Amino acid sequence: MKPKSVLVVGAGISGLMAATILKENGVAVTVLDKGRGAGGRTSTRRIEMDHAIARFDHGAQYFTVSDERFAKYVERWLALGIVKPLGETFIRENGEPEWSEETRYIGATGMNAIAKYLAESVRAFFSTRVVKLSCDGKWTVETDAGKTFSADALVLSPPVPQSLELLAASRIALPADVEKELQSIDYHSCIAALMLFDGIEPILPRCGIWFQGEPIAFACDNLRKGISSVPTLTIHAGPLFSAAHWEMSDSVIIEQMLRLLADWVRSPVKHWQAHRWRYAFARTVLDKPFVMLDSPAPLLFIGDGFVAPRIEGAAISGISAATALLERL
Ligand SMILES: Cc1cc2nc3c(=O)[nH]c(=O)nc-3n(C[C@H](O)[C@H](O)[C@H](O)COP(=O)(O)OP(=O)(O)OC[C@H]3O[C@@H](n4cnc5c(N)ncnc54)[C@H](O)[C@@H]3O)c2cc1C
């Protein structure tokens, strides 16, 4: 039977793409996310200080498009002004320009613009952490506030280790082969540093700098990128630096990052924050767009742990899962 109602846990790109397609096809969809807003790892942080608004994309920086199914949506977002091509180029650590064949797109007001737009047309609840799942023919989820939601099918879009933790906490066992397959998906962590500066001039000579991967992976100037009205930097540490500094205080991390970036960042930092992405990039992904279990009611695992560890991979996973769920008659 075609599910008439679907619960989607997670309002990142994968969950919202799945929800959008289900909604477009007449399914009653409810999206639940523990975050304060939509986006997941495509989040944009806004800090108001001294009458100025600073913005930082602190997760994903841009996305590329190669799949026709995703391209169809990106064209729509381009026409609506939700996304735009990144107008600037990147350089490498040695100062040489970096050449890319692919068009890079960004959210016009920050990377969370896509998720914000998609979330507007579905029934979505934020600051709503799902803590327990159960199934008696229908799936029921319980939130940290003790509310329950039920539907014919359940789509789990958090990073796969978090979805598996949710099942374990709910004492729901998966078939051994499926559990093993899902457990093979694991993630790198990433510490992101957000820095705000005085003045009106950009800090970096280009919008983005690719470093060697360790200890720093990437630095982005959000003023050059066109999403912040004051100079701000987002700096992503590499997986090894992130793991080694995970437990250290934010101030120690920022101090070390600034020392590593001394050749590039000379202005005094006015305000800083550190953000720890525990599940930043899938290190191993499954070569299939989603995993679906049929019994006792459809349960799907989606996200960037399938297809490819980036925005387009997450989108394809959500699109494919929704299509499969709709075809399940
Ligand atoms: C630092 C960094 C830089 C990146 N750079 C790029 C880039 O430049 N280009 C690119 O294409 N990709 C990049 N990526 C990867 C990209 O952001 C991800 O692949 C993509 O956003 C994943 O989307 P998703 O929907 O699979 O997961 P997520 O965005 O993680 O969405 C999952 C959602 O589930 C929610 N959730 C989890 N548990 C619960 C629960 N129990 N109850 C309710 N809600 C829950 C979370 O709050 C989250 O919103 C980057 C990622 C990071 C972290």
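Please read these numbers as outputs of a predicted model, since none were measured by experiment.

## Details of the pattern of salt bridges
- The final tally for this structure, using the stated rule, is 15 salt bridges.
- E48 is the salt-bridge partner of R46, the closest N and O atoms lying 3.6 Å from each other.
- The partner of R224 in a salt bridge is E88, with the nearest N and O atoms 3.4 Å apart. Pair noted here: R224 is in helix α6 (residues 222–225) and E88 is in the loop between β5 (83–85) and β6 (90–92), with a separation of 136 residues, a long-range link.
- Exposure remark for R224: the relative accessible area of 29% places this residue in the partly exposed category.
- The structure contains a network of salt bridges with shared partners spanning D50, D198 and K270.

## Some points on the site of the ligand
- The environment of the ligand is made up of 34 residues, and the closest members are S14, D33, R41, Y62 and D304.
- In the environment of the ligand, an oxygen atom lies 2.6 Å from a nitrogen or oxygen atom belonging to the side chain of D33.
- One of the backbone N or O atoms of K34 is found 3.1 Å from a nitrogen atom in the ligand.
- Coverage of the ligand by the protein chains reaches 93% of its 1,000 Å² of free accessible surface.
- Going through the elements one at a time, α1 (13–24), β17 (269–282) and α9 (311–327) are the ones with two or more residues in the shell around the ligand.
- Top element by residues in the shell around the ligand is β17. It accounts for three residues.
- Split by residue class, the shell around the ligand holds 15 nonpolar, 13 polar and six charged.

## What to know about the domain arrangement of the protein
- For the protein, the domain assignment lists domain 1 (5–36 + 126–185 + 284–327) and domain 2 (49–109 + 187–283).
- For domain 1 and domain 2, the distance between their C-alpha centroids amounts to 28 Å.
- Contacts between the two partners involve 21 residues from domain 1, matched on the other side by 17 residues from domain 2.
- Between domain 1 and domain 2, roughly 1,500 Å² of surface is buried when both sides are summed, and carbon and sulfur atoms account for 62% of that area.
- When residues of domain 1 are sorted by the area they lose upon contact with domain 2, T284, I311 and E312 head the list and together hold 33% of the total.
- Here domain 1 is connected to domain 2 by one salt bridge.
- Put simply, R76 and E24 hold a salt bridge, and the shortest N to O gap is 3.3 Å.
- Linking domain 1 to domain 2 there are six residue pairs in polar contact (both at pLDDT 80 or more).
- Of all the secondary structure elements, the ones that give two or more residues to the side of domain 1 that touches domain 2 are α1, α4 (160–169) and α9.
- In terms of residues, the side of domain 1 that touches domain 2 owes the most to one element, α9, which gives six residues.

## With respect to the sheet that holds strand β1 (residues 5–9)
- The strand order across the open sheet built from six strands is β8-β2-β1-β12-β19-β18, with neighbouring strands paired in mixed fashion. Sheet topology places β8 (123–125) and β18 (291–293) at the edges, where each strand pairs with a single neighbour. Each neighbouring strand pair of the sheet contributes to a mean axis angle of 15 degrees, computed without reference to strand direction.

## Looking at the environment of L293
- Positionally, L293 belongs in strand β18.
- As a C-alpha pair, L293 and A168 span 125 residues in sequence and 16 Å in three-dimensional space.
- Aside from chain neighbours lying at most four places away, what touches L293 is L174, P175, V178, P298, L299 and F301.

## Examining the packing of α1 against helix α3 (residues 112–120)
- Packing of α1 against α3 brings their axes to within 10 Å, and their N-to-C directions diverge by 30 degrees. Crossing of α1 over α3 shows left-handed handedness. Contacts between α1 and α3 involve I13, L16, M17 and T20 from the former and I114, A115, L118 and A119 from the latter.

## Quick notes on the nonpolar core
- In terms of nonpolar packing, the biggest core is built from 50 residues, with L16, F63 and W77 touching the most fellow members.
- At ten residues, the largest contribution of residues to this core is made by α9.
- Taken domain by domain, this core gets at least three of its residues from each of domain 1 (5–36 + 126–185 + 284–327) and domain 2 (49–109 + 187–283).
- V130, L164, L182 and F306 belong to the second largest nonpolar core, which has 29 residues in total.

Scoring rules and cut-offs
Residues numbered from 1 in each chain as written. Predicted model: local features only at pLDDT ≥ 70, side-chain atom pairs only at ≥ 80, totals over all residues. Heavy atoms only, no water. Salt bridge = Lys/Arg side-chain N within 4 Å of Asp/Glu carboxyl O. Helix = DSSP H or I, 4+ residues; strand = E, 2+ residues; numbered from the N terminus. Buried < 20%, exposed > 50% of the residue type's maximum accessible area, 1.4 Å probe, protein only. Near = heavy atom within 4 Å. Polar contact = N/O pair within 3.5 Å; in protein donor to acceptor, adjacent residues only side chain to side chain. Areas by Shrake-Rupley, 256 points an atom, 1.4 Å probe, with all protein chains shown as cover. Nonpolar A, V, L, I, M, F, W, Y, C, P; charged D, E, K, R; others polar. Domains from an automatic or database assignment. Contact = heavy atoms within 4.5 Å. Buried area = accessible area lost by both parts, 1.4 Å probe. Pairing = 2+ DSSP bridges. Axes fitted to C-alpha atoms, helices over the stretch in contact; angles between N-to-C directions. Left-handed = near helix turned anticlockwise from the far one by under 90°. Core = buried A, V, L, I, M, F, W, Y, C linked by side-chain atoms within 4.5 Å.

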